[in-house]
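# Coordinates in review
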Amino acid sequence: METPRREDLPAAEDAGATILVVDDEPELCRALSKLLGRNGYEVITAGNGEEALELLRRQEVDLVLSDLQMPRMGGVELLKAGRVISPGTEFVIITGHGTIEVAVDAIKRGAYDFVEKPFSTATTLKVVRKALEKQRLRAENRQLRRRLREIQGNSDIIGKSAVMRQTVETARQVANSSATVLLTGESGTGKEVFAGAIHAWSDRADRVMVRVSCAALPETLLEAELFGYEKGAFTGAVARRKGRFEAAHRGTLFLDEVGEMSPTTQVKLLRVLQENVIERLGGNEPIPVDVRIIAATNADLAAMVAAGRFREDLYYRLNVINLELPALRRRGEDVILLADHFLQKYNDKNRKNLQGFTPEAVEVMMRYAWPGNVRELENALERAVVLSKDELVGVSALPQSVVAGRQRFDAVTIPVGTTLRDAEMQLIEATLESSGGDKETAANILGIAARTIYRKLQ
Ligand SMILES: Nc1ncnc2c1ncn2[C@@H]1O[C@H](COP(=O)(O)OP(=O)(O)OP(=O)(O)O)[C@@H](O)[C@H]1O
Ligand SMILES: [Mg+2]
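These figures come from a predicted structure and were not determined experimentally.

## Thoughts on the overall build of the protein
Scanning the protein from terminus to terminus reveals 19 helices and 16 strands. Principal-axis analysis of the C-alpha atoms gives the protein an extent of 85 × 70 × 45 Å. Residues counted as buried form 33% of the 458 residues belonging to the protein.

## Notes on the domain arrangement of the protein
By domain assignment, the protein separates into domain 1 (6–141), domain 2 (157–324), domain 3 (328–404) and domain 4 (420–457). Placing a centre on the C-alpha atoms of domain 3 and another on those of domain 4 gives a separation of 24 Å.

## Examining the pairing of strand β2 (residues 42–46)
Of the pairings in the sheet, the one linking strand β1 (residues 18–22) to β2 comprises five bridges and is parallel in character. Paired with valine 22 across the bridge in β2 is alanine 46. What joins β1 to β2 is helix α1 (residues 26–38), and the crossover it makes is right-handed.

## Focus on the site of ligand 1
The local shell around ligand 1 holds 15 residues, among which Ser187, Gly190, Lys191, Glu192 and Val374 are the closest. Sorting the residues of the shell around ligand 1 by element identifies α7 (191–201) and α15 (373–387) as the ones contributing at least two each. When its residues are assigned to classes, the shell around ligand 1 shows four nonpolar, seven polar and four charged. Viewed by domain, the shell around ligand 1 spans two of them, domain 2 (157–324) and domain 3 (328–404), each represented by three or more residues.

## Let's talk about the environment of valine 174
Tracing the sequence through the fold places valine 174 in helix α6 (residues 162–175). With 19 C-beta atoms counted inside 10 Å, the residue valine 174 sits in the partly exposed group. C-alpha of valine 174 to C-alpha of threonine 124: the two residues are 50 residues apart in sequence and 42 Å apart in space.

## Points about the sheet that holds strand β4 (residues 90–95)
Taken in spatial order, the five strands line up as β2-β1-β3-β4-β5 in an open sheet, and their pairing is parallel. Each edge of the open sheet carries a strand with a single partner, namely β2 and β5 (113–116). Pairwise comparison of adjacent strand axes, ignoring direction, gives a mean angle of 20° for this sheet. By the bridge criterion, five bridges tie strand β3 (residues 63–67) to β4 in an arrangement that is parallel.

## Focus on the packing of helix α13 (residues 333–350) against α15
Put simply, α13 and α15 touch, their axes get as near as 9 Å, and they point 45° apart. Here α15 runs oblique to α13, going by the angle between their axes. As for the relative orientation of α13 and α15, their crossing is right-handed in sense. Counted together, Val335, Leu338, Ala339, Phe342, Leu343, Tyr346, Asn347 and Asn350 of α13 and Val374, Leu377, Glu378, Leu381, Glu382, Val385 and Val386 of α15 form the full contact between these two elements.

## Here's the deal with helix α3 (residues 75–85)
Turning to α3, its buried residues number three or more, namely Gly75, Val76, Leu78, Leu79 and Gly82. Viewed end-on, α3 has its buried residues packed into an arc of 150°, placing them on one side of the element. Buried residues along α3 sit in contact with β1, α2 (49–58), β3, β4 and α4 (100–108).

## Looking at unusual backbone geometry
Here the residue pair lysine 117 and proline 118 is connected by a cis peptide bond, since its omega of -10° sits within 30 degrees of zero. Mapped onto the elements, proline 118 comes out in the loop between β5 and α5 (121–156). The backbone of asparagine 276 shows a phi angle near 55°, a positive value even though the residue is not glycine. Within the secondary structure, asparagine 276 sits in the loop between α10 (263–275) and β11 (277–278). If you check the backbone angles, tryptophan 370 has positive phi at about 50° while not being a glycine. Structurally, tryptophan 370 is set in the loop between α14 (359–367) and α15.

## Section: the packing of α2 against α3
Contact geometry of α2 with α3 gives a least axis separation of 10 Å together with a crossing angle of 15°. On the basis of the axis angle, α2 is roughly parallel to α3. In this structure, α2 crosses over α3, and the sense of that crossing is right-handed. Residues Gly49, Ala52, Leu53, Leu56 and Arg57 of α2 pack against Glu77, Leu78, Ala81, Gly82 and Ile85 of α3. Its residues assigned to classes, the contact of α2 with α3 shows six nonpolar, two polar and two charged.

## Considerations on the pairing of β4
Most of β4 is tucked away, with six of its six residues classed as buried. The two faces of β4 match: Glu90, Val92 and Ile94 on one face and Phe91, Ile93 and Thr95 on the other face are all buried. Alignment of β4 against β5, held across four bridges, turns out to be parallel. Each residue of the ladder has a partner; that of valine 92, found in β5, is aspartate 113. After leaving β4, the chain enters α4 and then returns to the sheet as β5, a path that is right-handed.

## Remarks on the sheet that holds strand β7 (residues 209–213)
Reading across the sheet, the five strands line up as β7-β10-β13-β6-β14 and stay open at both edges, with parallel pairing between neighbours. Bordering the open sheet on either side are β7 and β14 (321–324), each of which pairs with just one other strand. Averaged over all adjacent pairs, the angle separating strand axes in this sheet is 20°, with direction ignored. Relative to strand β10 (residues 252–256), β7 runs parallel, the two sharing five bridges. Bridging from a neighbouring strand, valine 212 pairs with leucine 255 of β10. In the packing of α7 onto the sheet, the strands contacted are β6 (181–184), β7, β10, β13 (292–297) and β14, and the crossing angle to β13 comes to about 165°.

The rules behind these values
Residues numbered from 1 in each chain as written. Chains lettered and ligands numbered in written order. Predicted model: local features only at pLDDT ≥ 70, side-chain atom pairs only at ≥ 80, totals over all residues. Helix = DSSP H or I, 4+ residues; strand = E, 2+ residues; numbered from the N terminus. Buried ≥ 20, exposed ≤ 12 C-beta atoms within 10 Å, placed from the backbone. Domains from an automatic or database assignment. Pairing = 2+ DSSP bridges. Right-handed = clockwise from strand over helix to strand, strands pointing away. Near = placed C-beta within 6 Å. Nonpolar A, V, L, I, M, F, W, Y, C, P; charged D, E, K, R; others polar. Axes fitted to C-alpha atoms, helices over the stretch in contact; angles between N-to-C directions. Parallel < 35°, antiparallel > 145°, perpendicular 65-115°, else oblique. Left-handed = near helix turned anticlockwise from the far one by under 90°. Contact = placed C-beta atoms within 7 Å. Arc of directions from axis to C-beta.

Written out as structure tokens, the structure reads:
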């Protein structure tokens, strides 16, 4: 039996890599297939560019080895379209005599390398091996970055209720587009947390997210902050200054409390969103900016539009994707989860070691309506951790407003997208709460046996 020469053996990691050979000369396809197949690669072939693209659509290909000159679709056109269809695939171009310039152009367009005809076995294998190594590194890199984003992004958002999971899912889906997102919801529901998460999950994550609160500043200062100014633009503009839009270039701009923006500033913002250029105050040179906008408001923007206090055209520009963050009272099962999270957070901060809550404290927290949502809960927990002396946080450590406060549940709102199972759980939990945790009573109200409740609660 013939043992292959050492240099003919692919590096171990290469084994099984799929290579697509594209050439209009069947003879050449065959020769390359044989050579690569003999060296442990999976080889598929295409006789023209269209066929090759079809294969790229249908299956995973690590490397395309394509002839430069083919009728209809040449190697460079194949490269251009192929990179869009299959961004993870590496390309090597095979060139004839006197086409070096075109080959160099192909490399500029993202080909890894080229091989000149007639090619030697050794050179071809060497280029293939190196191209595959790069392809593998790129794939690993992408995977690591994705994992990192998931880990970073996940740690901030606590919540396992159906409505929260749904919101996180949508946020993840929209993160990678550049679409403008409008975050709405009551105060303290986590709009800023979500803005940060969407940025962290997006492919702009390695750039900055710049936050501007539209409520904090009067009109002219807000405009100076957003668009920057030239020296002498107004009294006090002693030197030119870049604005937040420029600072956020290639990244994300988080426009918080966007409902507070004055009509004049609204017009200017609309123009930026339409044209992707800004002008500094006192300047007349348009500066292109590539910025992803995330806006947030706890106002009812649609009602403001109807009342003529917010521009309709701007509203539609901002509201491309709307994420409505649910109030805490609509996701009761998250209350204790969040409370535990904040207990740990403030344990660490205050060097305390509280182990949990008394059953009465849990009940109080579950019954309360939390009009200030997660922020109110967090503040209550910070206070409770500081005040508690025992092992467990008790009712006495909770703010009086919470203990005596408004109760939630007399109705459950179940958003579309909730599974029947989750909807059932929400109704059972709400009924249990309204009957003071008495499972017999709750079972009677629900028209089921008490043991069914016990079973479902497990
Ligand atoms: N799902 C969540 N998981 C963990 N912490 C959260 C969550 N939602 C909100 N928080 C915390 O609650 C507090 C308020 O959240 P955030 O500032 O994002 O609210 P907001 O919707 O922007 O409120 P406002 O409208 O008042 O500005 C923050 O400290 C935040 O860390
Ligand atoms: Mg906020």
